[in-house]
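Each chain, written out:
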Amino acid sequence: VLAVAPLLVPAAALIALAIRIDSPGPIVFSQMRTGQHGRRFRMYKFRTMVANAEELKAQLAHLNELQWPDFKITDDPRVTRVGKFLRVTSLDELPQLFNVLRGDMSLVGPRPTSFAADTYDLWHTVRLEVRPGLTGLWQVRARHTSEFDDRLRLDVEYVRKMSIATDMSILLQTVGSVLHRSGA
């Protein structure tokens, strides 16, 4: 991560400027997420939605396309113009490299959830045995298109097959998914 910092810093500065110009509010969005062993941590992303997006969520609940505890709206009206680009390119995830450096996350693993571990069914907790990742198996197999239990099955599969080779394969597939904008 530190080796690519000279490339990431200018990119992050440009992204920050674009967010600032596009809409008022903070440049970075942070949210409590559930990590390894159910420990909660603050995860960072570039802000892709209007500043009061969390407050608007209740008003938009009737548009939710996924089963609870997930929340997704195609063409979500809370997403900003710059935010759409950041999401499609996954550049909104760059600040999570800070979470990787801090040890809260790894490059590959189950994506951390915004809801607490007590929301999980017992079989879901397998995903909490490992550090959450910036990318994972469901990002390359079912990015943004599957329900929570389906994604959890992929997380369990990942935990069982976890290896350096698996991680390298997922990282390469993630690059392909981002470049082809599949499921974004």
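From a predicted model like this one, the values you see are computed outputs, not experimental measurements.

Chemist: So what exactly am I meant to see when it comes to the overall build of the protein here?
Modeler: The number of helices and strands found in the protein is seven helices and four strands. What you see for the protein is a C-alpha radius of gyration of 16 Å, in line with the 16 Å of a compact globule of 184 residues. By principal-axis analysis of the C-alpha atoms, the protein measures approximately 45 × 45 × 30 Å. When burial is assessed residue by residue, the protein has 41% of its 184 residues classed as buried. Per element, the accessible surface of the protein, about 10300 Å² overall, is 61% carbon and sulfur.

Chemist: What is the right way to look at the environment of E147 in this model?
Modeler: Note on placement: E147 falls in the loop between helix 5 (137-141) and helix 6 (148-161). The sequence separation of E147 and W68 amounts to 79 residues, and the corresponding C-alpha distance is 9.0 Å.

Chemist: What is the right way to look at the nonpolar core in this model?
Modeler: It is characteristic of soluble globular proteins that their nonpolar side chains tend to be buried jointly. Of all hydrophobic cores here, the largest spans ten residues; its members are V108, V130, L137, W138, V140, A142, L154, Y158, V159 and I170. When contributions to this core are tallied by element, the ones reaching two or more residues are helix 5 and helix 6.

Chemist: Please explain the pairing of strand 1 (residues 28-34) as it appears in this structure.
Modeler: On a regular strand, each side chain points to the face opposite its neighbour's, so the side chains alternate between the two faces of the sheet. In this structure, strand 1 lies alongside strand 2 (residues 40-46), joined through seven bridges in antiparallel fashion. From the neighbouring strand, R33 faces strand 2, where its bridge partner is F41. Between strand 1 and the antiparallel strand that follows it, strand 2, lie five residues; H37 among them carries a positive phi value of about 60 degrees.

Chemist: Is there a simple way to think about the pattern of salt bridges in this case?
Modeler: If the charged atoms of two oppositely charged side chains come close together, the side chains can form a pair. Considering all chains together, one arrives at eleven salt bridges under this definition. As a salt-bridge pair, R141 and E157 come within 3.0 Å of each other at their nearest N and O atoms. In this pair, R141 is assigned in helix 5 and E157 in helix 6, connecting sequence segments 16 residues apart. Overall, R141 belongs to the partly exposed group, its relative accessible area being 48%.

Chemist: I tried to follow unusual backbone geometry on my own but got confused; where do I start?
Modeler: Most peptide bonds take the trans configuration, and most residues that are not glycine carry a negative phi. Unusually for a residue other than glycine, D75 sits at a positive phi of about 55 degrees. Locating D75 in the fold gives a position in the loop between helix 2 (53-56) and helix 3 (81-89).

Chemist: Just to check I follow, could you spell out the environment of K57 for this structure?
Modeler: Looking at where K57 falls in the secondary structure, it is placed in the loop between helix 2 and helix 3. Along the sequence, K57 and F71 sit 14 residues apart, while their C-alpha atoms lie 8.7 Å from each other.

Chemist: Looking at this structure, how should I read helix 7 (residues 164-180)?
Modeler: Counting along an α-helix, one turn takes 3.6 residues, and residues three or four places apart therefore face a common direction. For helix 7, spanning 17 residues, the distance from its first C-alpha to its last is 24 Å, which sits close to the expected 24 Å at 1.5 Å a residue. For helix 7, the set of buried residues is I170, T174 and S177. Mapping the buried residues of helix 7 onto a view down its axis gives an arc of 65 degrees, with all of them on the same face. Pointing more than 90 degrees away from the buried face of helix 7 are the exposed residues I164, A165, L172, L179 and H180. Elements that come into contact with the buried residues of helix 7 comprise strand 3 (106-108), strand 4 (133-135), helix 5 and helix 6.

The rules behind the values
- Residues numbered from 1 in each chain as written.
- Predicted model: local features only at pLDDT ≥ 70, side-chain atom pairs only at ≥ 80, totals over all residues.
- Heavy atoms only, no water.
- Helix = DSSP H or I, 4+ residues; strand = E, 2+ residues; numbered from the N terminus.
- Rg over C-alpha atoms; globule rule 2.2 N^0.38 Å.
- Buried < 20%, exposed > 50% of the residue type's maximum accessible area, 1.4 Å probe, protein only.
- Areas by Shrake-Rupley, 256 points an atom, 1.4 Å probe, with all protein chains shown as cover.
- Core = buried A, V, L, I, M, F, W, Y, C linked by side-chain atoms within 4.5 Å.
- Pairing = 2+ DSSP bridges.
- Salt bridge = Lys/Arg side-chain N within 4 Å of Asp/Glu carboxyl O.
- Expected span 1.5 Å × (residues − 1).
- Arc of directions from axis to C-beta.
- Contact = heavy atoms within 4.5 Å.

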